[in-house]
Amino acid sequence: MPSCARSLLLAACLALAGFAARAETIDIDNAELARLMQNGVLLIDIRPPAEWEATGIIAGSRLSSFYNARGEAAPAAWLKKIQPYAQSDQPVIVICSTGSITRTVSRFLSEQAGYATVYNVTAGIKGWIAEKRPVVSVAACRSEGRC
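Residues numbered from 1 in each chain as written. Predicted model: local features only at pLDDT ≥ 70, side-chain atom pairs only at ≥ 80, totals over all residues. Heavy atoms only, no water.

A.B. asks: Explain the overall build of the chain here, please?
C.D. replies: Per the secondary structure count, the chain includes seven helices and five strands. Order of helices (α) and strands (β) in the chain, N terminus to C terminus: α-β-α-β-α-β-α-β-α-β-α-α. For the chain, the residues scored as buried account for 35% of the 147 residues in total. Sequence separation of at least 24 residues holds for 67% of the intrachain contacts in the chain that already meet a minimum separation of 6. (Helix = DSSP H or I, 4+ residues; strand = E, 2+ residues; numbered from the N terminus. Buried < 20%, exposed > 50% of the residue type's maximum accessible area, 1.4 Å probe, protein only. Contact = heavy atoms within 4.5 Å.)

Encoded structure:
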């Protein structure tokens, strides 16, 4: 390989390594979720609308299903929906039912979409509810214009 090509390859690798070093995905529990939300960190509930209706949602969360109308994951479309309010240089929290889907979504945000700090709620909304933490109905959230 010519030295010019090696130099370009090395520069590209270093640039990508620097990007990866800045991206961070952090698993959190419910106590940390509550603390982060009190400090103004954005929480995005990625579950389908039927789940929001069934369980309620955490007050102050933004509702943006990761799934399209057919129930299929739609990462690119979802990212376009959240970008107006979820800035990549600001920390963001994602929550689903149990924390399993958000683990993948967290990595997508940090490793592919360039989000600097992404928090994954490991127990999901089910863990939040099991700890008897408060939820609100989607109707109440929408009537207040806060979700």
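A.B. asks: I keep staring at unusual backbone geometry and nothing clicks. Help me out?
C.D. replies: Phi is mostly negative for residues that are not glycine, and the peptide bonds are mostly trans. Unlike most non-glycine residues, K132 shows phi in positive territory, near 60°. Tracing the chain through its elements places K132 in the loop between helix 6 (124–130) and helix 7 (138–144). The exposure class assigned to K132 is exposed, which follows from its relative accessible area of 75%.

A.B. asks: For this particular structure, what's the right way to read the packing of aromatic side chains?
C.D. replies: Note on aromatic pairs: each is described by the distance of the centres and the angle between the planes. Scanning the model with the defined rule gives two aromatic pairs in all. Ring centres of F66 and Y67 lie 6.2 Å apart, and the angle between their planes is 85°; this geometry places the pair in the edge-to-face category. Each ring, one from F66 and one from W78, has its centre 5.1 Å from the other, and the planes form 75°; the classification is edge-to-face. With F66 in the loop between strand 3 (62–63) and helix 4 (75–82) and W78 in helix 4, the pair connects residues that are twelve residues apart, well separated along the chain. Through a chain of ring-to-ring contacts, three or more aromatic side chains come together here, namely F66, Y67 and W78. Its end group placed over the ring of Y85, R62 keeps NZ or CZ at 3.6 Å from the ring centre. Sitting over the ring of W128, R133 keeps its end group 5.2 Å from the ring centre. (Phe/Tyr/Trp six-rings, centres within 6.5 Å; stacked < 30°, edge-to-face > 60°. Lys NZ or Arg CZ within 6 Å of the ring centre and 35° of its normal.)

A.B. asks: What am I meant to see in the pairing of strand 4 (residues 92–95) here?
C.D. replies: Of the two faces of strand 4, the one carrying V92 and V94 and the one carrying I93 and I95 are both buried. Relative to strand 5 (residues 117–121), strand 4 runs parallel, the two being bridged by three bridges. Considered in strand 5, the bridge of V92 is made with V118. In this fold, the crossover linking strand 4 to strand 5 by way of helix 5 (residues 100–112) has right-handed handedness. (Pairing = 2+ DSSP bridges. Right-handed = clockwise from strand over helix to strand, strands pointing away.)

A.B. asks: What exactly am I supposed to notice about the nonpolar core here?
C.D. replies: Inside soluble globular proteins, nonpolar side chains tend to come together where they are buried. Membership of the largest hydrophobic core comes to 17 residues, with the highest contact counts inside it found for I44, I46, W78, I82, L109 and Y115. Listed by contribution, the elements that provide at least two residues to this core are strand 2 (42–45), helix 4, strand 4 and helix 5. In contact with I46, not counting residues within four places along its chain, are S64, S65, F66, Y67, W78, V94, I95, C96, I101, T102 and V105. (Core = buried A, V, L, I, M, F, W, Y, C linked by side-chain atoms within 4.5 Å.)

A.B. asks: I would appreciate a short explanation of the packing of helix 4 against helix 5 in the present structure.
C.D. replies: Two quantities define a packed helix pair, namely the angle between the axes and the distance from one axis to the other. Look at helix 4 against helix 5: their axes get within 12 Å of each other, and the N-to-C directions meet at 70°. One element, helix 4, and the other, helix 5, form an angle in the roughly perpendicular class. Two packed elements cross with a definite hand, and for helix 4 against helix 5 that hand is right-handed. Residues P75, W78, L79 and I82 of helix 4 pack against V105, F108 and L109 of helix 5. A class-by-class count of the residues in the contact of helix 4 with helix 5 yields seven nonpolar, no polar and no charged. (Axes fitted to C-alpha atoms, helices over the stretch in contact; angles between N-to-C directions. Parallel < 35°, antiparallel > 145°, perpendicular 65-115°, else oblique. Left-handed = near helix turned anticlockwise from the far one by under 90°. Nonpolar A, V, L, I, M, F, W, Y, C, P; charged D, E, K, R; others polar.)

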